[in-house]
Amino acid sequence: MSEDVRLVAWVRGRVQGVGFRWFTRAKALEIGALSGFALNLGDGRVQVVAEGSRERCDRLLDWLQAGDTPGRVDGVTEIWDTPRGGYEGFAIR
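All residue numbers refer to position in the chain's written sequence, counted from 1. Owing to the predicted nature of the model, reporting of local features is limited to residues with pLDDT of at least 70; listing and counting of side-chain atom pairs is limited to 80 or more, with chain, interface and lining totals taken over all residues. Think of the side-chain values as coming from all heavy atoms in the structure, minus any hydrogens and water.

S.K.: Describe the overall build of the protein chain, naming the residues involved and giving the relevant values.
M.R.: Helix and strand counts for the protein chain stand at 2 helices and 5 strands. Segments assigned H or I by DSSP are reported as helices when at least four residues long, segments assigned E as strands when at least two residues long, and all are numbered from the N terminus. Its helices and strands in sequence order give the protein chain the pattern β-α-β-β-α-β-β, from N to C terminus. When we talk radius of gyration, it's over C-alpha atoms, and the globule rule is simply 2.2 Å times the number of residues to the 0.38. In terms of C-alpha radius of gyration, the protein chain reaches 12 Å, essentially the compact-globule figure of 12 Å for 93 residues. Looking at the 93 residues of the protein chain, the share that counts as buried comes to 39%. Between two residues, a contact is recorded if the distance between any of their heavy atoms is within 4.5 Å. If you take every contact in the protein chain between residues at least 6 apart in sequence, the share linking residues at least 24 apart comes to 77%. Positive charge is attributed to Lys and Arg, negative charge to Asp and Glu, and no charge count is given to His or to the chain ends. By convention, charge coordinates are those of NZ in Lys, CZ in Arg, CG in Asp, or CD in Glu. Here the protein chain contributes 13 positively and 13 negatively charged side chains, and the mean placements of these two sets differ by 6 Å. Throughout this description, buried means an accessible area under 20% of the type-specific maximum (1.4 Å probe, protein chains only), exposed means over 50%, and partly exposed covers the range between.

Spelled out as structure tokens, the structure:
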């Protein structure tokens, strides 16, 4: 059984005002068993926090990096941590 992890990713590029957070939530729900959120930051990036199995978080990160997203992704910076919990589903903030 896979241990749960916490992925925090900061996505740079033209990712605000293009439905990026909505599509990120939809992808997280499609992958399944992920909780967390997508949030617009004041500097133009989107922060994505996802908790779940390493395999499922990796799938979400791969999608963020693949360029099959709305807008234009110039880069993704991520960190991995232990899950903190407290999320109900996957939200847009």
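There's more to say after this.
S.K.: Explain helix α2 (residues 54-66) to me, and be specific about the residues and the numbers.
M.R.: Taking 1.5 Å per residue as the helical rise, α2 with its 13 residues ought to reach 18 Å, and the 18 Å between its terminal C-alpha atoms agrees with that figure. Those residues of α2 that fall on the buried side of the exposure criterion are Cys 57, Leu 60, Leu 61, Trp 63 and Leu 64. End-on view of α2: buried residues confined to an arc of 155°, all on one side of the axis. Next to the buried residues of α2 lie β1 (4-14), α1 (20-31), β3 (46-53) and β4 (72-81). Expected span, for any helix, means 1.5 Å times one less than how many residues it has. Directions drawn from the helix axis to the C-beta atoms are what define this arc.

S.K.: Residue-level account of the environment of Arg 21, with values.
M.R.: Position of Arg 21 among the secondary structure elements: in helix α1. As for Arg 21 and Phe 37, which are separated by 16 residues in sequence, their C-alpha atoms are 8.5 Å apart. Apart from residues lying up to four places away in sequence, Arg 21 is in contact with Ala 38, Leu 39, Asn 40, Val 46, Ile 92 and Arg 93.

S.K.: Go over the nonpolar core, please, and point to the residues and values.
M.R.: Definition of nonpolar core: a set of buried residues of the types Ala, Val, Leu, Ile, Met, Phe, Trp, Tyr and Cys, connected through side-chain atoms within 4.5 Å. Grouped together as the largest cluster of nonpolar side chains are 20 residues, with contacts concentrated most on Val 11, Val 48, Leu 60 and Leu 64. Only β1, α1, β3 and α2 provide two or more residues apiece to this core. Per element, the largest residue contribution to this core is 5 residues, and it comes from α2.

S.K.: Pulling in residues and values, what's your account of the packing of aromatic side chains?
M.R.: Centre distance and the angle of the planes are the two values used to describe a pair of aromatic rings. Two rings from Phe, Tyr or Trp (for Trp, the six-membered ring) form a pair when their centres sit within 6.5 Å of each other. Planes less than 30 degrees apart are called stacked, planes more than 60 degrees apart edge-to-face, and all others tilted. Tallying each qualifying case throughout the model produces 3 aromatic pairs. Centroid distance Trp 22 to Phe 23: 5.1 Å. Interplanar angle 80°. Geometry classified as edge-to-face. Note on Trp 22: relative accessible area 52%, which makes it exposed. Of the residues examined, Phe 23 reaches a relative accessible area of 41% and is grouped as partly exposed. Here, over-ring charges are defined by two tests on the NZ atom of lysine or the CZ atom of arginine: distance to the ring centre within 6 Å, and angle to the ring normal within 35 degrees. Seen from the ring of Trp 80, Arg 54 lies directly overhead, with NZ or CZ sitting 3.7 Å from the centre. Just above the ring of Phe 37 sits the side chain of Arg 93; from NZ or CZ to the centre is 4.0 Å.

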